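If you want the building blocks of each chain, they are given just below.
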Amino acid sequence: DSGVTQTPKHLITATGQRVTLRCSPRSGDLSVYWYQQSLDQGLQFLIQYYNGEERAKGNILERFSAQQFPDLHSELNLSSLELGDSALYFCASSVDQGEETQYFGPGTRLLVL
Amino acid sequence: GEDVEQSLFLSVREGDSSVINCTYTDSSSTYLYWYKQEPGAGLQLLTYIFSNMDMKQDQRLTVLLNKKDKHLSLRIADTQTGDSAIYFCAVTQGNTGKLIFGQGTTLQVKP
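The rules behind these values
- Residues numbered from 1 in each chain as written.
- Chains lettered and ligands numbered in written order.
- Predicted model: local features only at pLDDT ≥ 70, side-chain atom pairs only at ≥ 80, totals over all residues.
- Heavy atoms only, no water.
- Helix = DSSP H or I, 4+ residues; strand = E, 2+ residues; numbered from the N terminus.
- Rg over C-alpha atoms; globule rule 2.2 N^0.38 Å.
- Buried < 20%, exposed > 50% of the residue type's maximum accessible area, 1.4 Å probe, protein only.
- Contact = heavy atoms within 4.5 Å.
- Areas by Shrake-Rupley, 256 points an atom, 1.4 Å probe, with all protein chains shown as cover.
- Phe/Tyr/Trp six-rings, centres within 6.5 Å; stacked < 30°, edge-to-face > 60°.
- Lys NZ or Arg CZ within 6 Å of the ring centre and 35° of its normal.

**Student:** It is not clear to me how the overall build of chain B should be interpreted in this structure. Could you clarify?
**Tutor:** For chain B, the count of helices and strands is zero helices and 11 strands. Reading chain B from its N terminus to its C terminus gives the helix and strand order β-β-β-β-β-β-β-β-β-β-β. Taking 2.2 N^0.38 as the reference for a compact globule, 111 residues should give roughly 13 Å; the C-alpha atoms of chain B span a radius of gyration of 13 Å, in line with that estimate. Among the 111 residues that make up chain B, the fraction classed as buried is 47%. Considering only contacts within chain B whose residues lie at least 6 apart along the sequence, 54% involve residues at least 24 apart. On chain B, roughly 5,200 Å² of surface is accessible, and the fraction owed to carbon and sulfur atoms is 48%.

**Student:** Mind showing me how you'd approach the packing of aromatic side chains here?
**Tutor:** The description of two aromatic rings rests on the distance between their centres and on the angle between their planes. Under the definition given, this model contains 14 aromatic pairs over all chains. With a centroid separation of 6.4 Å and an interplanar angle of 70°, the aromatic rings of Phe 64 of chain A and Tyr 89 of chain A are classed as edge-to-face. Here the residue Phe 64 of chain A occupies a position in strand β7 (residues 64–68), and Tyr 89 of chain A occupies one in strand β9 (residues 87–94), the gap between them amounting to 25 residues. In this structure Tyr 89 of chain A comes out as buried when scored by relative accessible area, which is 0%. Residues Phe 104 of chain A and Tyr 35 of chain B carry aromatic rings whose centres are separated by 5.1 Å and whose planes lie at 80° to one another, so their mutual orientation is edge-to-face. One end of the pair, Phe 104 of chain A, is in strand β10 (residues 103–104); the other, Tyr 35 of chain B, is in strand β4 (residues 31–37), on a second chain. Tyr 35 of chain B matches Phe 104 of chain A in its accessibility class, with the two residues each being buried. Clustering of aromatic rings is evident, with ring pairs tying together Tyr 35, Phe 45, Phe 90 and Phe 104 of chain A together with Tyr 31, Tyr 33, Tyr 35, Tyr 48, Phe 50, Phe 88 and Phe 101 of chain B. The ring of Tyr 48 of chain B has Lys 56 of chain B lying over it, and the distance from NZ or CZ to the ring centre is 4.0 Å.

And the structure:
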C-alpha cells in the first residue's frame, strides 16, 4: 500500500458525460500528479499540482481539468467524454515539487460507453 | 521531447536471472525509476537510481546505469513466478517532477 488513495476504483459512464476522479496523497506529500494509462498511448503525464498551485502540464486535453484543495487532495474532472477517454487514471504524490520519488495510487478505471 | 524505449516482452525460466533494458534520450534526468505493474493493479515503485551512480543493488534487484549510452537496466536475480508483471522504466524530465515512461516490458516467468 503506497498510502495514496483514489476513488472510485471503477467508473462506467456514457459519451458526453462528465466525471470527477478523486485522489488523496500520502500524508505529508505536497505534490500530486495525474497520469493516464491507455492501450494506445501508454502511460502519459497529465498535470502536476504543488501545494494547491499548478506546477507542470503535460498532454492534458482542454476537456480535462484538475485542482488541488487546501487539504491537498486533488480532483481530476473529465468532461464531454469520448470513447477514447476510456483508460486507467493514476494519481501519484511526492514530498516536494521536483524530482522526488512518486508513489502511485491504485488507479481509477474509466470506461466510456 | 524525451523518449524512453523498452523491449515489449521477456520470457525466462523460474530461477534464472531476468534483465530488462531501457534507453532514454534526456541526459538531464536526475532520477531514473523502475516500477512494477501486476495485472489489474497500480504501479509499485521497485527501485530508483540517482544519475551520478553507476549501479544500485537492493536484494534481488540490481540497477545498472550507463549515462554515456543513456542505457538503464534492471536485473532480477533468481526470478520467481511472482515476478511476472509489466515493468516500466521512467525518467524525470529536466528539473520537473514529470515522469516519462517507457512502454513497459512484460516479464513472463515459466515454472
